[in-house]
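Below are the chains, spelled out letter by letter.
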Amino acid sequence: MSVNRFTLHQRRKTFLPDIPERSCLYPLAPWGVGTSDVESLTSYVARLAAIHQVPTGILLGKYVTPIISQFTDKDVPRISHSFWRAFGTDTGAWNGLGVMAFNCSVAVCSLTKQHHLHLLTLLSCHQVLSHRGLLRPYKAWCPACYEEWEKLGIVLHEPLLWSLKLVTVCVRHQQRLQHQCPYCYRSLYWLEWNSRPGFCSRCHQWLGKTECSREMLDKEEEVWQAFVVKNLAQLLVAAPTFASPPPRENIARGMKLCIDAVTGGNAKAFADKLYYSASVPGEWRRGNALPQLDLLFRLCYCLQVPLLKFLTGEVVLDEPVSLIPLPEHQSMRKKYRPFDFARVQGLLEAALQQSPPKTMRQVALEIGYDPGDLSKYFPDLCRAISVRYKRRKLEA
Ligand SMILES: [Zn+2]
Ligand SMILES: [Zn+2]
């Protein structure tokens, strides 16, 4: 190599600027990774669209979907098909632990060059938790949190915790999470054409309003929710430190320990004590099924085993084990009964005429059916009952 060429080569090496990897979209940093307030992937996507000043639907259609379309699966010929079918009605799954969460987080990572967006989902638990009953299909939010963040100048976001069905209360503000816009009375999917944290994606009104009806929490529910949120928070804080996702074997090992300690290895007797179906603990112990989060929490509560330790295979049970009684709403087996459409419709129609009007939640309690089932089968009647209650409240 001649002196000149050597010098040029050296110069190029010396002066070559250290250019970071270019991203297609703005490299927005995710909010709260490693804290209990970590935002969900759907929250991140909606904020990303807002930064680009386009509706969320445009960002998804133009940038995210073409990448997702490249993923193929043996069972699903083109993921894009299931993506579009699920779009709107199933975007909650983006925050979960299945294929939607995986593909969508990979796609958004590649667009933003933010490499840890899987931490905005529950993917780190995909080998230890069942997807059944895990996520809520519609948004839930705490208006007081939004109001507080707005006042303090904190980025408006939707914590991953709010996407979990099990979390029904904001522990910080001691109030139930809302799931219906107080202006248009609609439930909101996690991602819609105009999604934006803190605002209704249908009527675009601000959701951080605290004057909406605050139902009192009973003591048992308060204690249960505090336990649930504390344990989920520990899991979210620890997730970024996992070298690899906790393995499936942890569940079998943990279950064996618990069943041995409580009922000397008798899985059926254990099921009785925790109000599980008879076969559930045995299936978990054999590794045949993964636990549903809500059911697993019963065990964690009664035995005071931290969820994080159970999932990461670090359960320690000091003898003797004394069980803490479950709150009443957890100590009932789900009754499987046919949905009596004609009777329920009659009861809802009667509730619509009742004076004074009641909240949909109160009506559901009185009728004895799950509010989710009622709004699934009778959306118009349920909306009319809620609207009537809210109108009367505004007039009062
Ligand atoms: Zn709150
Ligand atoms: Zn609205």
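Scroll up for the structure.
Residues numbered from 1 in each chain as written. Chains lettered and ligands numbered in written order. Predicted model: local features only at pLDDT ≥ 70, side-chain atom pairs only at ≥ 80, totals over all residues. Heavy atoms only, no water.

Chemist: Now, about the overall build of the chain: what can you tell me, with residues and values included?
Modeler: Across its full length, the chain holds 16 helices and two strands. The burial tally for the chain puts 46% of its 396 residues in the buried class. Sequence-distant contacts in the chain: of pairs separated by 6 or more residues, those separated by 24 or more amount to 71%. Just so you have it, the chain exposes about 20,900 Å², and 54% of that area is on carbon and sulfur atoms. (Helix = DSSP H or I, 4+ residues; strand = E, 2+ residues; numbered from the N terminus. Buried < 20%, exposed > 50% of the residue type's maximum accessible area, 1.4 Å probe, protein only. Contact = heavy atoms within 4.5 Å. Areas by Shrake-Rupley, 256 points an atom, 1.4 Å probe, with all protein chains shown as cover.)

Chemist: Residue-level account of the packing of helix H3 (residues 56–68) against helix H5 (residues 99–112), with values.
Modeler: Put simply, H3 and H5 touch, their axes get as near as 9 Å, and they point 125° apart. Compared by their axis directions, H3 and H5 come out oblique. As for the relative orientation of H3 and H5, their crossing is right-handed in sense. Where H3 abuts H5, its residues Tyr63, Val64, Ile67 and Ile68 lie against Asn103, Cys104, Ala107, Val108, Ser110 and Leu111. Of the residues that constitute the contact of H3 with H5, the class distribution is eight nonpolar, two polar and no charged. (Axes fitted to C-alpha atoms, helices over the stretch in contact; angles between N-to-C directions. Parallel < 35°, antiparallel > 145°, perpendicular 65-115°, else oblique. Left-handed = near helix turned anticlockwise from the far one by under 90°. Nonpolar A, V, L, I, M, F, W, Y, C, P; charged D, E, K, R; others polar.)

Chemist: I'd love a proper account of the coordination of the zinc ion (ligand 2), names of residues and values included.
Modeler: Distances from the zinc ion (ligand 2) to its protein donors, Cys181 (SG), Cys184 (SG), Cys200 (SG) and Cys203 (SG), fall within 2.3 Å. One can describe the site at the zinc ion (ligand 2) as tetrahedral: its four donor atoms subtend angles covering 106 to 119° at the metal. Read N to C, the donor residues that coordinate the zinc ion (ligand 2) are spaced as C-x2-C-x15-C-x2-C. You can see Cys184 sitting in the loop between strand E2 (175–176) and helix H7 (219–238) and its partner Cys203 sitting in the loop between E2 and H7, a full 19 residues away along the chain. (Donors = N, O, S within 2.8 Å, 3.2 Å for Na, K, Ca; no water. Tetrahedral: all angles 85-135°; square planar, octahedral: opposite > 155°, others 65-115°.)

Chemist: Can you lay out the environment of His131 for me, pointing to particular residues and giving the numbers?
Modeler: Take His131: it is sitting in the loop between H5 and helix H6 (143–152). The class for His131 is exposed, based on a relative accessible area of 61%. Through-space distance from the C-alpha of His131 to that of Leu97 is 6.9 Å; in sequence the pair is 34 residues apart.

Chemist: Any details on the nonpolar core? Residues and values, ideally.
Modeler: In terms of nonpolar packing, the biggest core is built from 94 residues, with Phe310 and Leu311 touching the most fellow members. If you tally residues by element for this core, the top one is helix H11 (residues 293–303), at nine residues. The residues contacting Phe310, other than those within four sequence positions of it, are Asn250, Ile251, Gly254, Met255, Cys258, Leu296, Leu299, Val305 and Val315. (Core = buried A, V, L, I, M, F, W, Y, C linked by side-chain atoms within 4.5 Å.)

Chemist: Outline helix H14 (residues 360–367), listing residues and values.
Modeler: Of the residues making up H14, those classed as buried are Met360, Val363, Ala364 and Ile367. Relative to the axis of H14, the buried residues are bounded by an arc of 100° and lie together on one face. Contact partners of the buried residues in H14: helix H13 (341–353), helix H15 (371–377) and helix H16 (379–395). Among the residues trailing H14, Gly368 stands out with phi positive, at a value near 85°. (Arc of directions from axis to C-beta.)

Chemist: An account of unusual backbone geometry is requested, with residue identities and associated values reported.
Modeler: In this structure, the amide linkage connecting Ser355 to the following residue, Pro356, adopts the cis form with an omega of -5°. You can see Pro356 is positioned in the loop between H13 and H14. Even without being glycine, Gln53 reaches a positive phi, approximately 55°. Its place among the elements puts Gln53 in the loop between helix H2 (41–51) and H3. Judged by relative accessible area, Gln53 falls into the exposed class, the value being 73%. Phi at His204 is positive, roughly 65°, even though this residue is not glycine. Relative to the helices and strands, His204 is located in the loop between E2 and H7.

Chemist: Can you break down the packing of H7 against H11 residue by residue, with the values?
Modeler: Between H7 and H11, whose axes approach to 11 Å, the crossing angle comes to 105°. In this view, H7 runs roughly perpendicular relative to H11, as classed from their interaxial angle. Residues Val223, Trp224, Phe227, Val228, Asn231 and Leu232 of H7 pack against Leu293, Phe297, Arg298, Cys300 and Tyr301 of H11. Per-class residue counts for the contact of H7 with H11 are nine nonpolar, one polar and one charged.

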